[in-house]
Amino acid sequence: MCGFTGFTNHICNTEKVLEQMMDTIIHRGPDSSGKYTDENIALGFRRLSIIDLKQGDQPIFNEDNSKILLFNGEIYNYKDIRQKLTKKGHIFRTQSDSEVILHGYEEYGADILNMLRGMFAFVIWDKNEKELFGARDFFGIKPLYYSLSGKSFLFGSEIKSFLPHPHFKKELNTDALETYLTFQYSAQTETFFKDVFRLPPAHCFTYKDGKLNIKRYWEIEFNADEKPSLNDWTNKISETFHNSVKAHKIADVEVGSFLSSGVDSSYVAAIADVDKTFTVGFGSDEKYNEISWAKSFSKAIGVENTSKIISPEEYWNSFAKIQYHMDEPLADPSAVALYFVCNLASKQLKVVLSGEGADEIFGGYNVYSEPNGTFYDRLPLRLRSAIGSIASRLPARRGVNFFIRKGKALEERFIGNAYIYTPLDRKKLLRIKTNAPNPAELTRPFYDKVRKKDDVTKMQYLDLHMWMTGDILLKADKMSMANSLELRVPFLDKEVMKLAQRIPAKYRVTHKEHTDSETKYITKYAMRLAAKQDTPPETAKTAAKKKLGFPVPIRVWLREEKYYNVVKDSFTSEAAKKYFNEDLLIKLLDDHKNGKADNSRKIWTVYTFLVWYNVFFESDEFISMKG
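This is a predicted model, so every value here is computed, not measured.

Caption draft 1: Inspection of the nonpolar core at higher detail. In this structure, Phe122, Phe139, Phe258, Tyr315, Phe571, Phe580 and Phe609 are the most contacted members of the largest nonpolar core, which totals 167 residues. A total of 11 residues in this core trace back to one element, the largest contributor, which is helix H26 (residues 600–618). Discounting residues that sit within four places of it in the chain, phenylalanine 580 has contacts with Leu177, Leu181, Leu429, Leu430, Arg431, Leu585, Val606, Phe609 and Leu610. Among the nonpolar cores identified, the runner-up in size contains 19 residues, and Phe4, Trp125, Leu199 and Tyr207 belong to it.

Caption draft 2: Structural context of the packing of aromatic side chains. Tallying each qualifying case throughout the model produces 50 aromatic pairs. Here the aromatic rings of phenylalanine 153 and phenylalanine 205 are separated by 5.8 Å at their centres, their planes lie at 65 degrees, and the arrangement is edge-to-face. You can see phenylalanine 153 sitting in strand S9 (residues 152–156) and its partner phenylalanine 205 sitting in strand S11 (residues 203–208), a full 52 residues away along the chain. Comparing phenylalanine 153 with phenylalanine 205 shows no difference in burial state: the two are buried. Arranged with centres 5.6 Å apart and planes meeting at 80 degrees, the rings of tyrosine 365 and tyrosine 368 form a pair that is edge-to-face. Note on accessibility: tyrosine 365 and tyrosine 368 belong to one class, buried.

Caption draft 3: Main features of the environment of tyrosine 579. In this structure, tyrosine 579 sits in helix H24 (residues 574–579). Residues tyrosine 579 and leucine 429 lie 150 residues apart in sequence; the distance between their C-alpha atoms is 8.6 Å. Ignoring anything within four residues of it in the chain, the contact list for tyrosine 579 reads Leu172, Thr174, Leu177, Leu429, Leu430, Arg431, Ile432, Phe609 and Tyr613. A distance of 3.2 Å separates the side chain of tyrosine 579 from the side chain of tyrosine 613, its partner in a polar contact.

Caption draft 4: Quick look at the pairing of strand S14 (residues 276–281). Of all 6 residues making up S14, 6 are buried, and the element is well covered by its neighbours. Bridge count for strand S13 (residues 255–258) against S14 is 2 bridges, and the pairing is parallel. The residue bridging phenylalanine 258 from the neighbouring strand is phenylalanine 278, located in S14. A crossover links S13 with its parallel partner S14, the connecting element being helix H6 (residues 263–272), and its sense is right-handed. Bridge analysis of S14 against strand S15 (residues 304–309) gives 6 bridges, and the strand direction is parallel. Within the sheet, the bridge partner assigned to threonine 277 lies in S15 and is asparagine 305.

Caption draft 5: Region of the structure containing the sheet that holds strand S3 (residues 41–47). Strand order across the open sheet formed by 6 strands is S2-S3-S1-S9-S8-S10, with antiparallel pairing between neighbours. Whereas interior strands pair on both sides, the edge strands pair on one side only; in this sheet they are strand S2 (32–37) and strand S10 (196–198). Across the sheet, the mean angle separating the axes of adjacent strands is 15 degrees when strand polarity is ignored. Of the pairings in the sheet, the one linking strand S8 (residues 145–149) to S10 comprises 3 bridges and is antiparallel in character. Pairing of tyrosine 146 across the sheet is with phenylalanine 197, part of S10.

Caption draft 6: A look at the sheet that holds S14. Taken together, the 5 strands give an open sheet; going across it, the order is S15-S14-S13-S16-S17, and neighbouring strands pair in parallel fashion. Single-partner strands in this sheet number two, and they are S15 and strand S17 (486–488). With direction set aside, neighbouring strand axes in the sheet form an average angle of 30 degrees. Contacting S13, S14 and strand S16 (351–353), H6 crosses the sheet at an angle of about 150 degrees to S13. Where helix H10 (residues 334–346) meets the sheet, its contacts fall on S13, S14, S15 and S16, and the angle it forms with S14 comes to roughly 145 degrees.

What counts and what doesn't
Residues numbered from 1 in each chain as written. Predicted model: local features only at pLDDT ≥ 70, side-chain atom pairs only at ≥ 80, totals over all residues. Heavy atoms only, no water. Core = buried A, V, L, I, M, F, W, Y, C linked by side-chain atoms within 4.5 Å. Buried < 20%, exposed > 50% of the residue type's maximum accessible area, 1.4 Å probe, protein only. Helix = DSSP H or I, 4+ residues; strand = E, 2+ residues; numbered from the N terminus. Contact = heavy atoms within 4.5 Å. Phe/Tyr/Trp six-rings, centres within 6.5 Å; stacked < 30°, edge-to-face > 60°. Polar contact = N/O pair within 3.5 Å; in protein donor to acceptor, adjacent residues only side chain to side chain. Pairing = 2+ DSSP bridges. Right-handed = clockwise from strand over helix to strand, strands pointing away. Axes fitted to C-alpha atoms, helices over the stretch in contact; angles between N-to-C directions.

Next comes the structure, spelled out in C-alpha cells:
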C-alpha cells in the first residue's frame, strides 16, 4: 500500500516541486520513496512495505527501461500472473505484486486489467510513445485523481499532492458544495477543487499529446439465477468468501482485523485466522459502544482484542486533521471513529482486514427492506404522494421522513443511504448560486442501466456506484492511509461479486411473517446464514444482530452547551456568511438544541464543510497537519 503523484513536465524546477508533492503524501508511505524525472514526465512515489520488503521500491521499470510504473494497492493473484508472464519470456526485477502489472501491460495492453484480482490505482509511462496509461480498480477501493492544469496533466493518490505545483490553481467548486449538501459526500466526477476530477471505479485512461481518453473496462451485472436453493447459495457464499479472505491475507507482514458487533466484520474475523482484532467505541452506552461484545467474540474465537474508548474531546479536536486527510469534506460521523481504530491498529501492525462492501453486494442496509415492506407501500402512489407533501412541511422528527420518502417513486426518493437536504432546502440555505445538477440527474445513469430489475437490485446497484465509492471507500482509504495502515476488504472481491450478483433478491432481502399486521424483513439473509455456518456456536447470534455500523453520539453532543457553541462559532464565521444564510444555520442549531427537531445530520453536514474549508482555504496551519 502506497501513494504516488506526478505530472507531465512543463516546468523548470521539476525536482523541487516533485519532492514537495511527494512530501504531502508521506503518510501513505513512510518506509521509503522513489522518483523519476525527464523532460516529459515527473513520477513520485511513497511506499508502505507489505510484499517484497527489500526490493519492492518504485518506480519500477521494464526490461529495457522504456516503461515505468507507479502503483498503489495489492494484487492477490500476482503469483499466477507472474508465472504466465515468465513463461512468455518476461524478466522480473523484484518479487513484488506491483511488477506483474507492468509486464502484464506490455504483454496484454489494457486487457491485463480484467486478469487482476485485487485493489489498485496505477499509472504507466511509455517513454517511447510519450503516453500515460492509468487505471482504478473495479470497486474504487483505491483513489486516483487527475487535473489538467495549464500545460500540465497532474495525477495522484490524493488531491493535496497537487497543491505545490505552480500550474495548479486552488479554487472551490461551488457546484460540488451544493450537491454535497444532499448526498453528504462529493458525488460528482469533478471534486470540491475546481478542475480536479476522480477517475471512476473500473475505468482506465490514456493521456497523450494533451488529449485524455477515459473508458470503462468492467461492469457489475445483476442476473439472478433462480435454480440453486437457499442452502446451495449459503454453501457457495461460504466457499467463495473463505477463498477471498485467504487471498486477502497474502503479505510479508502481520495481518489483523477490525471488529464491531456487526455480522460483516465478525464474519471476517471468525475465518481469517488472525491474532489480533481492534475495536473503538464511545462512553458506556451500548448504543455507542460495542467493545464488551467485541472482547467476548474475540475470546470465543481465540483472538486478542485491543480496544479504545474515544472521548468527545478527542473526537472534536481531531476533526480538522481528519478533514485534511480526507481531501474533500465527508459528513459521515463514523469517519472519525474509523480514524481512531486505524490509529489503534497501526501501533501494532501494517495490514488489517475489514468488512466494507458486504451491505452493498449482499443487500445489507435496512432501507433495502422498504420496497413493498409494509401495508403503507401497497397504497396508491398518488395517495402516498399527497401525504408525503403534507409531511414535508412538518418539522424534522422521527417518523415524518417515512411519509416523505414513501410519497415518491424509488428513482426519485432513493439516492443512497443519506439524503440530507432536498434541492429546495439547499437552495434556501445557500447564499450563492451554482449550476449544481438535481440529485436525479446524477442517479439516473445508474438507474437506467437496471431499469428492468427489481427495486432491491436497483438500490444496491446505485449504492455500489455512488454511496460505496463516495462515502464508504473514501473514508476507508483516507483514514487508514492517514495512519500508514493498509486496509483490505475481502467482501469487495471480483469472485465474491461474481457470485453475489447471481443471488435472487428473495435470498438477499427476505422476510418472516410474525403477525397478520407485521412483516419482519431480514437483510443480507443468505450471507447471514453463511456467517452463522462459519461462526462458533457461542458467537452465532451476531448473524442476526441489527446493523449499527460505527454509531457516533453526534445528536447528543450537539445538545451540550460546549459543542453547541463550537458549532455556533463556525456557523457565524466569515466563511459561513460567505456561502450560507446564517439565520437558517442558527435556527437549525437552536431547534436541535431545544429538542424541537433532530437536525443533527443537517448541522453536521454544514459544519464538516466549514471545517474542511478552513483547513484548505483559510488555515495558516495547513502544512502542520501532514503528520
